[in-house]
Amino acid sequence: MEIERKLVQNLIKIKYEDLPERVVEMAKMTILDTLGALIGGVGAEGCLPLVNQLREWAGVQESTIMIYGGKVPCPNAAFANSVMARALELDSPRAPGIHVSASTVPVSIATAEKCRPVGGKELISSIVLGEDFTARVNHAVSSYRGFDPTGVCTVLGATATAGRILGLDEQKMWNALAIAFNRSAGSFHGNIEGLDEQKMWNALAIAFNRSAGSFHGNIEGALTVRLIQGLSSRSGIESALISMAGITGGRNFLVGKWGFFDLFSDGQFNRKAITAQLGKRFEGAYGITFKRYPSCGATLSATEATLELVHKYDIKPDYVEEVTVELPPFYYDLVGHKFKIGDNPTVDAQFSIQYVVANS
């Protein structure tokens with residue numbers, strides 16, 4: 001419980017003036033990068049149907065769905081905006097495969113619109129602290145064992161970001177994060193009346209990613225890859241708002257029995273990494289990848305290397321008999337499978353090193 005206490009108190013006490021200039025500049029860059037990725041992803045597959053579904057659900061008009069326009073409940077606006085920010089895989093990830101800013105930026109903007117007026121300094125502070133919280137927990141994990149860190153860990157940072165904007169005190173912030181832990185879900189793997197077989201299949205796969213999701217959707221080229229980003233954002237805001245309403249959560253949600261590290265990291269974690277230089281070094285500002293190419297981060301180095309060789313030696317497709325790319329085991333499992341076009345070809349391509357190298 002002492003680790004949780006330190007992290008929560010840090011979220012409450014840090015002010016904009018405590019942030020190093022470099023950290024502030026990185027936050028500004030991630031905001032611009034995320035908004036650019038969002039604009040690019042507006043027309044991507046699945047985005048408009050999601051927006052239409054959220055509009056159909058309606059509710060109080062609090063926050064704006066970007067580009068498309070119109071207001072919906074704050075959590076749902078962040079849901080839609082985060083999915084669009086992730087849709088082209090152009091948002092900025094951190095190792096190992098965790099996408100944070102595509103949640104913290106839309107969450108901060110949607111929550112600020114609900115609560116306005118909120119100044120730019122507090123907006124930046126909320127993003128920095130939410131990403132610092134996520135990075136510290138993420139760095140401490142030994143292995144996610146196929147769970148998608150964006151689904152199981154980013155939701156904590158999204159909650160911290162929303163909690164800052166909402167002005168939660170220490171008790172409510174603690175409760176909000178504990179509630180968020182109970183919303184953690186996301187997998188790398190990709191009789192309901194009225195659904196045909198295909199839609200039933202999709203519904204069950206989405207339900208799986210709401211229970212304890214993994215990287216499965218990435219491997220199978222499913223749109224749940226980008227959906228997880230929005231679910232993390234919506235759950236973050238909902239957790240903060242539910243805490244404000246008076247719902248409590250467990251104290252030892254990170255290091256306790258059946259807490260975060262017990263469930264998602266087999267109980268093995270780097271305790272020192274969680275609080276090292278807490279309040280002085282803001283981990284979310286480090287290890288960021290600003291992408292040049294719209295595909296999974298595990299494909300970027302091979303893409304860059306291929307393009308350099310093609311340009312340097314003027315390589316034509318007819319010259320190439322075979323290309324060999326060596327990958328570490330985790331990357332191989334994520335993007336090394338044989339390329340096959342499925343229901344969502346864009347996602348198939350984004351998570352296939354065979355495709356991106358051949359296309360380069």
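These numbers were taken from a predicted model, which means no experiment stands behind them. Each residue is numbered by its place in its chain's sequence as written, counting from 1. The model is predicted, so local features are restricted to residues of pLDDT at least 70 and side-chain atom pairs to those at 80 or more, both for listing and for counting; the totals for chains, interfaces and linings are taken over all residues. Note: side-chain values were computed over all heavy atoms of the structure, leaving out hydrogens and water.

**Q** Would you mind going over the environment of lysine 316 in detail, with residue names and values included?
**A** Of note, lysine 316 is situated in the loop between α15 (300-313) and α16 (329-335). Buried means the residue's accessible area, taken with a 1.4 Å probe over protein chains only, is under 20% of the maximum for its type, while exposed means over 50%, and partly exposed covers the values in between. Under the relative-accessibility criterion, lysine 316 is labelled partly exposed at 37%. We define a polar contact as two N or O atoms separated by no more than 3.5 Å, with the added condition that, inside protein, one atom must be a possible hydrogen donor and the other a possible acceptor, whereas residues neighbouring each other in sequence contribute only through side-chain atom pairs. A distance of 3.2 Å separates the side chain of lysine 316 from the side chain of aspartate 314, its partner in a polar contact. Only DSSP runs of H or I covering at least 4 residues are called helices, and only runs of E covering at least 2 are called strands; the numbering of each starts at the N terminus.

**Q** Let's hear about the packing of aromatic side chains: which residues, and what values?
**A** Two aromatic rings, drawn from Phe, Tyr or Trp (for Trp, its six-membered ring), form a pair once their centres lie within 6.5 Å of each other, and the interplanar angle then sorts them: stacked below 30 degrees, edge-to-face above 60, tilted otherwise. Applying the stated criterion to the full structure yields six aromatic pairs. Seen from their ring centres, phenylalanine 260 and phenylalanine 261 are 5.5 Å apart, and the 85° between their planes marks the pair as edge-to-face. We classify phenylalanine 261 as buried; its relative accessible area is 1%. Between phenylalanine 339 and tyrosine 355 the ring centres are 5.1 Å apart and the planes differ by 40°, which places this aromatic pair in the tilted class. Of this pair, phenylalanine 339 sits in the loop between α16 and α17 (345-350) while tyrosine 355 sits in helix α18 (residues 353-359), placing them 16 residues apart in sequence.

**Q** An account of the pattern of salt bridges is requested, with residue identities and associated values reported.
**A** A pairing counts as a salt bridge when a side-chain nitrogen of Lys or Arg comes within 4 Å of a carboxyl oxygen of Asp or Glu. Under the criterion given, the structure shown has 15 salt bridges. A salt bridge links arginine 5 to glutamate 2; the nearest nitrogen and oxygen atoms lie 3.8 Å apart. Separated by three residues within a single helix, arginine 5 and glutamate 2 lie in helix α1 (residues 2-13), roughly one turn from each other. As a salt-bridge pair, glutamate 122 and arginine 164 come within 3.0 Å of each other at their nearest N and O atoms. Taken together, the residues glutamate 122 in helix α6 (residues 120-140) and arginine 164 in helix α8 (residues 154-166) connect sequence positions 42 residues apart. Via salt bridges that share partners, Arg86, Glu89 and Lys291 belong to a single interconnected network.

**Q** Talk me through the nonpolar core; I want residue IDs and the actual numbers.
**A** Note on terminology: a nonpolar core comprises buried Ala, Val, Leu, Ile, Met, Phe, Trp, Tyr and Cys residues joined through side-chain atoms within 4.5 Å. Counting 76 residues, the largest nonpolar core has Phe133, Leu156, Leu254 and Phe260 as the members making the most contacts within it. Two residues form a contact once any of their heavy atoms are found within 4.5 Å. If sequence neighbours within four positions are ignored, phenylalanine 260 has contacts with Val137, Val141, Tyr144, Val152, Cys153, Leu156, Phe181, Ser184, Phe253, Leu254 and Ser265. One finds Cys296, Val347, Ile353 and Val357 within the second-largest nonpolar core, a separate group that totals eleven residues.

**Q** I'd love a proper account of unusual backbone geometry, names of residues and values included.
**A** In this chain, arginine 116 is followed by proline 117 through a cis amide linkage whose omega measures 5°. Positive phi, normally seen in glycine, also occurs at aspartate 266, with a value near 55°. Its place among the elements puts aspartate 266 in the loop between α13 (260-264) and α14 (271-275). With a phi close to 50°, aspartate 314 is a non-glycine residue in the positive phi region. The residue aspartate 314 is located in the loop between α15 and α16 in this model. The class for aspartate 314 is partly exposed, based on a relative accessible area of 46%.

**Q** Before we move on, can you summarise the layout of surface pockets with the specific residues and values?
**A** With a 1 Å grid spanning the protein atoms alone, the term cavity applies to any set of points in which a 1.4 Å probe fits but cannot get out, the term pocket to an open set with protein on both sides within 12 Å along at least five of seven lines, and the term lining residue to any residue with an atom within 4 Å of a point. Grid points are joined across faces, edges and corners, and a volume is the space filled by probe spheres set on the points. Quantified by volume, the second largest pocket comes out at close to 420 Å³. Taken together, 17 residues line the second largest pocket, and the ones lying closest to its centre are Thr306, Val320, Val323, Val357 and Ala358. Elements with a contribution of two residues or more to the lining of the second largest pocket: α15 and α18. With five residues, the top contributor of residues to the lining of the second largest pocket is α15. The residue makeup of the lining of the second largest pocket, split by class, is eleven nonpolar, four polar and two charged. Side-chain classes are defined by residue name, with Ala, Val, Leu, Ile, Met, Phe, Trp, Tyr, Cys and Pro counting as nonpolar, Asp, Glu, Lys and Arg as charged, and the others, Gly among them, as polar.

**Q** Lay out the packing of helix α5 (residues 101-115) against α6 in plain terms, naming residues and giving numbers.
**A** When two helices pack together, their arrangement is given by the angle between the helix axes and by the axis-to-axis distance. For helices, the axis comes from a line fit to the C-alpha atoms of the stretch in contact; other axes are also lines fit to C-alpha atoms, and the angle between any two N-to-C directions lies between 0 and 180 degrees. Two numbers describe how α5 lies on α6: the axes approach to 10 Å, and their chain directions differ by 145°. Helix-helix and strand crossings are classified by hand; for α5 and α6 the assignment is right-handed. The segment α5 lies against α6, with Ser101, Thr104, Val105, Ser108, Ile109 and Ala112 engaging Leu123, Ser126, Ile127, Gly130 and Glu131. Among the residues making up the contact of α5 with α6, the classes are represented as five nonpolar, five polar and one charged. Take the far helix as the reference: if the near one is turned anticlockwise from it by less than a right angle, the crossing is left-handed, and if turned clockwise, right-handed.

**Q** So what's going on with α15? Which residues, and what values?
**A** When the terminal C-alpha atoms of α15 are compared, their 20 Å separation across 14 residues agrees well with the 20 Å that a helix rising 1.5 Å per residue should span. Listing the buried residues of α15 in full gives Leu300, Ala302, Thr303, Thr306 and Leu307. Along the long axis of α15, the arc covered by the buried residues comes to 160°, so they all point the same way. Across α15 from its buried face, at more than 90 degrees, point the exposed residues Ser301, Lys312 and Tyr313. Looking at the buried side of α15, the elements it contacts are α18. Looking at the residues trailing α15, positive phi occurs at aspartate 314, about 50°. In this analysis, the expected span of each helix is defined as 1.5 Å times one less than the number of residues it contains. Starting at the helix axis, one direction is taken to each C-beta atom, and the arc is that of these directions.

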